[in-house]
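Chain by chain, the residues:
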Amino acid sequence: MKWITAIIKPFTLDDVREALGEAGVQGMTVTEVKGFGRQRGHTELYRGAEYVVDFLPKLKIELAVADEQVELAIEAITKAARTGKVGDGKIFVSELEQVIRIRTQEVDADAL
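Please read all numbers here as calculations on a predicted model, not as lab measurements.

Caption draft 1: Fine view of the environment of Val-93. Residue position: Val-93 is located in strand S6 (residues 89-95). Take Val-93: its relative accessible area is 38%, and that puts it in the partly exposed class.

Caption draft 2: Expanded view of the pairing of strand S5 (residues 56-65). For S5, the tally of buried residues reaches seven of 10 residues, placing the bulk of the element in the interior. As paired elements, strand S1 (residues 2-8) and S5 share seven bridges and run antiparallel to each other. The residue bridging Ile-8 from the neighbouring strand is Leu-59, located in S5. Here strand S2 (residues 29-35) pairs with S5 via seven bridges, running antiparallel. Its bridge partner being in S5, Thr-29 is matched across the sheet by Glu-62.

Caption draft 3: Examining the sheet that holds S1 more closely. Taken in spatial order, the four strands line up as S2-S5-S1-S6 in an open sheet, and their pairing is antiparallel. The open sheet is flanked by S2 and S6, the only strands paired with a single partner. The mean inter-strand angle of the sheet, taken between neighbouring strand axes irrespective of direction, is 20 degrees. Across the sheet, helix H1 (residues 13-22) lies against S1, S2 and S5, angled at about 10 degrees from S5, the strand it touches most.

Caption draft 4: Seen up close, the environment of Arg-82. Of note, Arg-82 is situated in the loop between helix H2 (70-81) and S6. Sequence spacing of Arg-82 and Ile-8 is 74 residues, and the spatial spacing of their C-alpha atoms is 8.7 Å.

Caption draft 5: Representation of unusual backbone geometry. Unusually for a residue other than glycine, Gln-105 sits at a positive phi of about 60 degrees. If you trace the backbone, Gln-105 turns up in the segment after S6. Given a relative accessible area of 59%, Gln-105 falls into the exposed group. Of note in the backbone geometry, Asp-108 takes a positive phi value of approximately 55 degrees without being a glycine. Mapping Asp-108 onto the fold places it in the segment after S6.

Caption draft 6: Summary view of the pattern of salt bridges. Taken as a whole and judged by the stated rule, the model has seven salt bridges. Among the ionic pairs, Asp-67 bridges to Lys-2, the shortest N-O distance being 3.9 Å. Residue Asp-67 is found in the loop between S5 and H2, and its partner Lys-2 is found in strand S1; the two are separated by 65 residues along the sequence. Judged by relative accessible area, which is 47%, Asp-67 ranks as partly exposed. A salt bridge links Arg-101 to Glu-106, with the shortest nitrogen-to-oxygen separation between them at 2.9 Å. Residue Glu-106 is classed as partly exposed on the basis of its relative accessible area of 31%. Through salt bridges with shared partners, one network takes in Lys-2, Asp-67 and Glu-95.

Parameters at a glance
Residues numbered from 1 in each chain as written. Predicted model: local features only at pLDDT ≥ 70, side-chain atom pairs only at ≥ 80, totals over all residues. Heavy atoms only, no water. Helix = DSSP H or I, 4+ residues; strand = E, 2+ residues; numbered from the N terminus. Buried < 20%, exposed > 50% of the residue type's maximum accessible area, 1.4 Å probe, protein only. Pairing = 2+ DSSP bridges. Axes fitted to C-alpha atoms, helices over the stretch in contact; angles between N-to-C directions. Contact = heavy atoms within 4.5 Å. Salt bridge = Lys/Arg side-chain N within 4 Å of Asp/Glu carboxyl O.

Spelled out as structure tokens, the structure:
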């Protein structure tokens, strides 16, 4: 099992959710976050005053998937979230040791 964390632009969420559903991913957690990568924020003009936006709004999507779903999930996120511009985001994949469904006490793949 794998734990996938993706940082994406907020306006791509609906496309990503739909693509993951088509790939067979059943659930995810979405969190509003702020941050920056290589682009280091940007400068904006507001009422004639220039100011720097250091942390840009992003969404963090977290999902647990079975090993056989990993490539499908990564491909779905990549295709749906890619605009081709700086700041599209990143996908992190890590090992998931154990999952337990609290209600039924199912474990691992059965709990997904």
